[in-house]
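Read off the chains here:
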Amino acid sequence: MSSKLFEETPRPPVSIQIEASWKGVLQEEFSKPYFYELVDFLKQEKQAGKVIYPPGSLIFNAFQTTPFERVKVVILGQDPYHNPKEAMGLSFSVPKGVRTPPSLSNIYQEIQSDLGIVPPSHGDLTAWAMQGVFLLNAMLTVEHGKASSHQSIGWQHFTDAVIQKLSKDRNNLVFMLGGILRGKKGLIDSNKHLILEAAHPSPLAKGAFFGCKHFLQSQSVSPNIRCRNN
């Protein structure tokens, strides 16, 4: 009897609701074993009654809001906020009506120092994303109350591929890397793109982020982005 009768039928690509240009760029990733495992894990966690942030409809919000060809600046965060009503699929961003997180407050302070832009009264960065600021977290989900809880479920493979695609297929982008995410610079072609490294804007960094001048430097590459929230 042929052994082919016992071969497992290949699984079709995972169906992901994601903006069309990104879907074309990342289609190969949706057929890789790690992505099947990632999706299965999230399904199992939800079936077990665990609360996952952001809501499913917002996991790919950064991609939905900033199409591949419109990306000008990449601001890389670590993982989503793990408290209720905060995570919205955009790194460092929270919905209007939610208290501005300390890390974002520090980003606002640096922007005011760099560009003279007065901070808004909210932390919703959707307007940045619509200007071409790709607000990507290295991990796209997190369990309620447990920071970095999904750091080893496979998202790192996906977002590394995203960074590599941007580096390879686009030109003259700005990549802002803070804290441990500075290790991602090896994925980026420094001959084509501006890589800006600094401490993480978290208060735990004790002010080391201030004075990095990232937003001032990014203006030399993307002068039309003003980091305004309205």
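For the structure itself, look to the data block above.
These figures come from a predicted structure and were not determined experimentally. (Residues numbered from 1 in each chain as written. Predicted model: local features only at pLDDT ≥ 70, side-chain atom pairs only at ≥ 80, totals over all residues. Heavy atoms only, no water.)

## Remarks on the packing of aromatic side chains
Now for step 1: Tallying each qualifying case throughout the model produces 15 aromatic pairs.
Now for step 2: Judged by centre distance (6.1 Å) and plane angle (80°), the rings of Tyr34 and Phe35 are edge-to-face.
Now for step 3: For Phe35, a relative accessible area of 1% puts it in the buried group.
Now for step 4: Each ring, one from Phe63 and one from Phe158, has its centre 5.9 Å from the other, and the planes form 50°; the classification is tilted. A residue pair is termed long-range when its members are at least 10 positions apart, and Phe63 in helix α3 (residues 61-65) and Phe158 in helix α6 (residues 155-169) qualify at 95 residues.
Now for step 5: A relative accessible area of 0% means that Phe158 is categorised as buried.
Now for step 6: Taken together, the ring pairs in this structure connect Trp22, Phe30, Tyr34, Phe35, Phe60, Phe63, Phe68, Phe134, Trp155 and Phe158 into an aromatic cluster. (Phe/Tyr/Trp six-rings, centres within 6.5 Å; stacked < 30°, edge-to-face > 60°. Buried < 20%, exposed > 50% of the residue type's maximum accessible area, 1.4 Å probe, protein only. Helix = DSSP H or I, 4+ residues; strand = E, 2+ residues; numbered from the N terminus.)

## Digging into the nonpolar core
Now for step 1: In this structure, Phe63, Trp155 and Phe158 are the most contacted members of the largest nonpolar core, which totals 64 residues.
Now for step 2: If you tally residues by element for this core, the top one is helix α2 (residues 33-47), at 6 residues.
Now for step 3: What Trp155 contacts, discounting residues up to four positions off in sequence, is Phe35, Leu38, Leu42, Ile59, Phe60, Ala138, Met139, Leu140, Thr141 and His150. (Core = buried A, V, L, I, M, F, W, Y, C linked by side-chain atoms within 4.5 Å. Contact = heavy atoms within 4.5 Å.)

## Here's the deal with the pattern of salt bridges
Now for step 1: In this structure the tally under the stated criterion is 8 salt bridges.
Now for step 2: We note a salt bridge from Arg182 to Glu197, for which the minimum N-O separation is 3.2 Å. Of this pair, Arg182 sits in the loop between β5 (174-178) and β6 (194-198) while Glu197 sits in strand β6, and the two are 15 residues apart along the sequence. (Salt bridge = Lys/Arg side-chain N within 4 Å of Asp/Glu carboxyl O.)

## Description of the packing of α2 against α6
Now for step 1: Taken N-terminus to C-terminus, the directions of α2 and α6 make an angle of 130°; their axes are 9 Å apart at the nearest point. It follows that α2 is oblique to α6 by the angle criterion. Relative to α6, α2 is oriented so that their crossing is left-handed. Where α2 abuts α6, its residues Tyr34, Phe35, Leu38 and Leu42 lie against Trp155, His157 and Phe158.
Now for step 2: Among the residues making up the contact of α2 with α6, the classes are represented as 6 nonpolar, 1 polar and no charged. (Axes fitted to C-alpha atoms, helices over the stretch in contact; angles between N-to-C directions. Parallel < 35°, antiparallel > 145°, perpendicular 65-115°, else oblique. Left-handed = near helix turned anticlockwise from the far one by under 90°. Nonpolar A, V, L, I, M, F, W, Y, C, P; charged D, E, K, R; others polar.)

## Examining the layout of surface pockets
Regions of empty space are outlined by a rolling probe, equal in size to a water molecule, passed over the atoms.
Now for step 1: Space inside the largest pocket adds up to approximately 510 Å³.
Now for step 2: Along the wall of the largest pocket there are 25 residues; nearest its centre are Asp79, Pro80, Tyr81, Ser103 and His200.
Now for step 3: When its volume is computed, the second largest pocket comes out at roughly 310 Å³.
Now for step 4: Along the wall of the second largest pocket there are 16 residues; nearest its centre are Ile16, Leu42, Gly56, Ile59 and Phe60.
Now for step 5: Sorting elements by how many residues they give to the lining of the second largest pocket places α2 first, with 6 residues.
Now for step 6: Residue classes in the lining of the second largest pocket are distributed as 9 nonpolar, 5 polar and 2 charged. (1 Å grid on protein atoms, 1.4 Å probe; cavity = no way out; pocket = protein on both sides within 12 Å on 5 of 7 lines; lining within 4 Å. Points joined across faces, edges and corners; volume = space filled by probe spheres on them.)

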